[in-house]
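One letter stands for each residue in the lines below.
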Amino acid sequence: MLLAIETSSLVSSVALLHNDTLRAELTIQAKLTHSEQLMPHIADMLDKAFVPKNTIDSIAVAVGPGSFTGLRIGLATAKGLAYAWNIPIVGVSTPESLAWNSIGCADLICPLIDAQKGNVYFSLYEWQGTQLIERVPIGIKKLEDVLVTIEKYDRPVAFCGDGALLGRRVIEQKNCFFRMAPPTMVIPRAGSVALAGALRLAEGSVDDCMSLTPSYKRRSEAEVLWEKRHGGQSCL
């Protein structure tokens, strides 16, 4: 039984995958912080799915990019459980898991994640049968610059992620080939983290519980402010 955790945005999502069956998934957008709701969500899901915690044999967790605080809470929880239960852990990038929301989609898939100050983390994927192909690796740009880049492919593109939701009007007005993914596919979901993680586990690829860290892709505002106040010295 694989436990999946997704906390890279305002969405709190946990899921249980057993072989090819999604046993349970709890996905909520609420005003509570991840520190308040993540562990209660896991406990509630296990209880309602009648799954004893000692049957969980692996963990998959979203590693970002995304919310700095959310990622830290999700990673700390996943690593703590993996260490306590002595089970393997795999990290899954948030853009990759978003692409797994639309498995088999004929369109190109462009996850956009809010990076603040008008920037978005972006990447581009394509499904070829059951294989997910990364066409453009994860980067960070202004939304308008991303759309210019994607437009050159001259193909239908499905956008997802909180960055796409924030820029929805700009995206849909930019090109008739551009569309938003449906509401069930536009947000990060632990069920998709579970599918991507299960594939890695099947291939024998696991992460080190002690060294697995979030994929921030940029420095936090706290680090930037520290350097400004201390003459360029890093706070790390």
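Residues numbered from 1 in each chain as written. Predicted model: local features only at pLDDT ≥ 70, side-chain atom pairs only at ≥ 80, totals over all residues. Heavy atoms only, no water.

Caption draft 1: Up close: the overall build of the chain. Of the regular secondary structure elements, the chain holds nine helices and 10 strands. Principal-axis analysis of the C-alpha atoms gives the chain an extent of 50 × 50 × 35 Å. A buried classification covers 49% of the 236 residues belonging to the chain. Put simply, the chain shows about 11,800 Å² of open surface, and 54% of that area lies on carbon and sulfur atoms. The centroid of the 23 positive side-chain charges in the chain is displaced by 5 Å from the centroid of its 24 negative side-chain charges. (Helix = DSSP H or I, 4+ residues; strand = E, 2+ residues; numbered from the N terminus. Buried < 20%, exposed > 50% of the residue type's maximum accessible area, 1.4 Å probe, protein only. Areas by Shrake-Rupley, 256 points an atom, 1.4 Å probe, with all protein chains shown as cover. Lys, Arg positive; Asp, Glu negative; His and termini not counted. Charge placed at Lys NZ, Arg CZ, Asp CG, Glu CD.)

Caption draft 2: The arrangement of the side chain of serine 12 in detail. Here serine 12 shows up in strand β2 (residues 11-18). Serine 12 sits in the buried class, given a relative accessible area of 0%. Within the structure, the side chain of serine 12 is placed 3.2 Å from the side chain of histidine 41, a separation counted as a polar contact. In this structure serine 12 touches Glu6, Leu26, Thr27, Ile28, His34, Gln37 and His41, once residues within four positions along its chain are discounted. (Polar contact = N/O pair within 3.5 Å; in protein donor to acceptor, adjacent residues only side chain to side chain. Contact = heavy atoms within 4.5 Å.)

Caption draft 3: Region of the structure containing the sheet that holds strand β5 (residues 89-93). Taken together, five strands build an open sheet; the order of strands is β3-β2-β1-β4-β5 and the sheet is mixed. Bordering the open sheet on either side are β3 (21-29) and β5, each of which pairs with just one other strand. With strand direction ignored, the average angle separating the axes of adjacent strands in the sheet is 15°. Each of β1 (2-6), β4 (58-64) and β5 is contacted by helix α2 (residues 68-85), which is oriented at about 160° to β4, the strand it contacts most. (Pairing = 2+ DSSP bridges. Axes fitted to C-alpha atoms, helices over the stretch in contact; angles between N-to-C directions.)

Caption draft 4: Highlighting the environment of glutamate 203. One can find glutamate 203 in the loop between α8 (190-202) and α9 (221-229). Between the C-alpha atom of glutamate 203 and that of proline 65, which follows or precedes it by 138 residues, the distance is 24 Å.

Caption draft 5: Region of the structure containing the pattern of salt bridges. In total, this model carries eight salt bridges according to the counting rule given. For arginine 189, the salt bridge goes to glutamate 25, with nearest N and O atoms at 2.5 Å. Taken together, the positions of arginine 189 in the loop between α7 (183-186) and α8 and glutamate 25 in strand β3 put the pair 164 residues apart, joining distant regions of the chain. A salt bridge links arginine 200 to aspartate 207, with the nearest nitrogen and oxygen atoms 3.0 Å apart. (Salt bridge = Lys/Arg side-chain N within 4 Å of Asp/Glu carboxyl O.)

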